[in-house]
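Spelled out, the chains give:
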Amino acid sequence: MTSLNSHGPRFAFGTLTALPVRVSRWDRGTARAGMLCAPLAGLVVGVLAAVPGALFLWGGSGPLVAAVASAALPAALTRGLHLDGLADTADGLGSGKPAEDALRIMKQSDIGPFGVVTLLFVLLAQVAALHALYGRGWADGALGTVTAAVAARLALTLASRRGVPPARPEGLGAAVAGTVPARAAAAVACAVVVCCAAAGALLGGYGTGLHHALAALAGLGAAQLMLRHCVRRFGGVTGDVFGALEETAATVTLLALSLGLS
């Protein structure tokens, strides 16, 4: 247990970020612990992404520059891994081909038209939502950035629960698929949503807390719909699908947070 407590966070940060963390164990137990720690990796990424946004806003650059900074840094902190997975998944889904052919398309190094268009609109949606949040103040923008990052990684914890099969016998999807007990995933999800609500309440009262909780749930709900579609379409999950789930949850959470802002 002590070993898993040590190696779980290493697995989470080593596979879900580009931070210099060495993953020394790659077994199912470590993968389970790592995916349960995925929201922690999201918290660190979110905080690091919020810092330049707040600094730009304090420096007088305006909310648009702050939004671009907070949207760009997570991509840098993952070397574009999740965005690449989103593009590949879009190409696979958009191909309309059987699962085996779609998975082959997703493994190709190039990005097709479906992937390009999906990346364009997802990044535009993220920047637009962050622009609205930073337009209300640096605290709203920063907390929105953190909430979206945590919810996005929580979507990966839920996608790793037992009963969700891998689409291939190799790769990250096969390493983590089905490793997390459903009750453990639900417990982590409840804890994260409560923390999002508490952070929102500290920022602006109970209404803001409820807003953040509902936004996180909206992001998770969208990711679950994407997960169901990908499992039905590809026969399971892959590393690319995990990237698509992460970006879906982050984008929908940000859009939900931007709703109702004046």
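Each chain carries its own residue numbering, running from 1 in the direction its sequence is written. Local features in this predicted model are restricted to residues whose pLDDT is 70 or higher, and side-chain atom pairs enter the listing and the counts only when it is 80 or higher, whereas totals over whole chains, interfaces and linings include all residues. The basis for the side-chain values is all heavy atoms of the structure; hydrogens and waters are excluded.

Draft legend 1. Molecular detail of the side chain of Thr 17. Numbering goes from the N terminus for both helices and strands, where a helix is a DSSP run of H or I of at least four residues and a strand is a run of E of at least two. Mapped onto the elements of the fold, Thr 17 is located in the loop between helix H1 (2–16) and helix H2 (28–36). Accessibility here uses a 1.4 Å probe with only protein chains present; expressed as a share of the type maximum, an area under 20% marks a residue as buried, one over 50% as exposed, and anything in between as partly exposed. A relative accessible area of 8% means that Thr 17 is categorised as buried. Polar contact is the term for a pair of N or O atoms within 3.5 Å; when the atoms are in protein, one must be able to donate a hydrogen and the other to accept it, and sequence-neighboring residues count only if both atoms are side-chain atoms. Of the polar contacts made by the side chain of Thr 17, one reaches the backbone oxygen of Phe 13; its length is 2.5 Å. A distance of 3.2 Å separates a polar atom in the side chain of Thr 17 from the backbone nitrogen of Leu 19. Filtering out sequence-adjacent residues up to four positions away, Thr 17 remains in contact with Ala 12, Ala 41, Val 45, Leu 77 and Thr 78. Throughout, a residue-residue contact means that at least one pair of heavy atoms, one from each residue, lies within 4.5 Å.

Draft legend 2. Quick look at the pattern of salt bridges. The working definition used for a salt bridge is a side-chain nitrogen of Lys or Arg within 4 Å of a carboxyl oxygen of Asp or Glu. Summed over the entire model, instances satisfying the criterion amount to one salt bridge. Measuring nitrogen to oxygen at the nearest pair gives 2.6 Å for the salt bridge that ties Glu 246 to Arg 153. Linking Glu 246 in helix H12 (residues 239–258) with Arg 153 in helix H8 (residues 138–159), this pair joins segments that are 93 residues apart in sequence.

Draft legend 3. Region of interest: unusual backbone geometry. We note that Arg 79 has phi near 55 degrees; this positive angle belongs to a residue other than glycine. Here Arg 79 shows up in the loop between helix H4 (63–77) and helix H5 (81–95).

Draft legend 4. Molecular detail of the layout of surface pockets. Here the term cavity refers to a set of points on a 1 Å grid, laid over the protein atoms alone, in which a 1.4 Å probe fits but cannot get out; the term pocket refers to an open set having protein on both sides within 12 Å along at least five of seven lines, with lining residues being those that place an atom within 4 Å of a point. Grid points are joined across faces, edges and corners, and a volume is the space filled by probe spheres set on the points. Looking at the largest pocket, its volume works out to about 220 Å³. Around the largest pocket, the lining comprises 13 residues; the ones closest to its centre are Leu 43, Val 146, Val 150, Cys 195 and Cys 196. With five residues, helix H10 (residues 182–204) is the largest single contributor of residues to the lining of the largest pocket. Its volume calculated, the second largest pocket comes out at about 160 Å³. Around the second largest pocket, the lining is made up of 15 residues, and of these Lys 107, Arg 168, Thr 238, Gly 239 and Asp 240 lie nearest the centre.

Draft legend 5. Geometry of the packing of aromatic side chains. Paired rings are identified among Phe, Tyr and Trp, the last through its six-membered ring, by centres lying within 6.5 Å, and are further divided according to the angle between planes into stacked (under 30 degrees), edge-to-face (over 60) and tilted (the rest). Evaluation of the coordinates by the stated rule reveals one aromatic pair. Look at Trp 58 and Trp 138: their rings are 5.1 Å apart centre to centre, the planes differ by 70 degrees, and that puts the pair in the edge-to-face class. Taken together, the residues Trp 58 in helix H3 (residues 38–58) and Trp 138 in helix H8 connect sequence positions 80 residues apart. The exposed category is assigned to Trp 58, whose relative accessible area is 54%.

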